[in-house]
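Letter by letter, the chains look like this.
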Amino acid sequence: ISELSTPFLNITVLLYNLGATRRLLFKASACCTMVTFFVCRVLVVPWHWYEVFICLSMPSTVLTVSLKCSLCALYLVLDFLNIFWFYSLVKASSRV
């Protein structure tokens, strides 16, 4: 689900590189990029962490403590990157 914003992002970047930033298609694509990126990558962060904590609190013979810590660190990095990228998208949209 997190990759739902990728086609819109690719179209927006292509139109930007072609210099078509004043066209309606660029504006619509940029708007779709912002909305889908926020909904699919940023808005789901709290729900995602709720599910992670539920999963990690269950007794498991497969997930060791070090593996659980590694997974949490990975999730933290990915969530931070998604929030940072969304911030970058918002900043870039204010320049265009």
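So, here is what we can say about the structure in this document. In this numbering scheme, every chain counts its residues from 1 along its sequence in written order. Residue-level local features of this predicted model are given only where pLDDT is at least 70; pairs of side-chain atoms are given and counted only at 80 or more, and the full residue set underlies all totals for whole chains, interfaces and linings. The side-chain quantities take in all heavy atoms of the structure and omit both hydrogens and water.

**Some points on the packing of helix H3 (residues 45-57) against helix H4 (residues 65-95)**
Two measures define how a pair of helices packs: the angle their axes make with one another and the distance between the axes.
Point 1. Relative to each other, H3 and H4 sit at 180°, their axes nearing to 12 Å. Regarding the angle of H3 to H4, the classification is roughly antiparallel. For the pair H3 and H4, the contacting residues are Val45, His48, Trp49, Val52 and Leu56 in the first and Lys68, Cys72, Tyr75, Leu76 and Asp79 in the second.
Point 2. Of the residues belonging to the contact of H3 with H4, the class tally is 7 nonpolar, 1 polar and 2 charged. To get an axis, fit a line to the C-alpha atoms, keeping to the stretch in contact for a helix; angles then go from 0 to 180 degrees between the N-to-C directions. Helix and strand labels come from DSSP, where a helix needs a run of H or I of at least four residues and a strand needs a run of E of at least two; each type is numbered from the N terminus. The labels follow the angle: roughly parallel below 35 degrees, roughly antiparallel above 145, roughly perpendicular from 65 to 115, and oblique for the rest. Only heavy atoms enter the contact rule, under which two residues are in contact if any of them lie within 4.5 Å. Side-chain classes are defined by residue name, with Ala, Val, Leu, Ile, Met, Phe, Trp, Tyr, Cys and Pro counting as nonpolar, Asp, Glu, Lys and Arg as charged, and the others, Gly among them, as polar.

**Some remarks on helix H1 (residues 6-17)**
Point 1. Here the expected span of a helix is defined as 1.5 Å times the quantity of residues minus one. For H1, built from 12 residues, the straight-helix expectation of 16 Å at 1.5 Å per residue is met to within 8% by its first-to-last C-alpha distance of 16 Å.
Point 2. Of the residues flanking the end of H1, it is glycine 19, one or two places downstream, whose phi is positive at about 80°.

**Considering a nonpolar patch on the surface**
Point 1. Surface patches are defined over residues having more than 30% relative accessible area and no salt bridge, joining like charges when they lie within 9 Å and nonpolar side chains (Val, Leu, Ile, Met, Phe, Trp, Tyr) when within 5 Å. Using the Shrake-Rupley algorithm and a 1.4 Å probe, accessible areas are obtained, with residue cover drawn only from the displayed protein chains. The salt bridge criterion pairs a side-chain nitrogen of Lys or Arg with a carboxyl oxygen of Asp or Glu, the two atoms within 4 Å. Among the surface-exposed residues, Val35, Phe38, Val39 and Leu43 lie close enough to one another that they form a single nonpolar patch of about 330 Å² accessible area.
Point 2. Relative to the helices and strands, phenylalanine 38 resides in helix H2 (residues 24-42).
Point 3. Relative accessibility thresholds used throughout: buried, under 20% of the residue-type maximum; exposed, over 50%; partly exposed, between the two (1.4 Å probe, protein chains only). The partly exposed category is assigned to phenylalanine 38, whose relative accessible area is 32%.

**Re the environment of isoleucine 83**
Point 1. Considering the arrangement of structural elements, one finds isoleucine 83 in helix H4.
Point 2. Between the C-alpha atoms of isoleucine 83 and valine 42, which are 41 residues apart in sequence, the distance is 6.1 Å.

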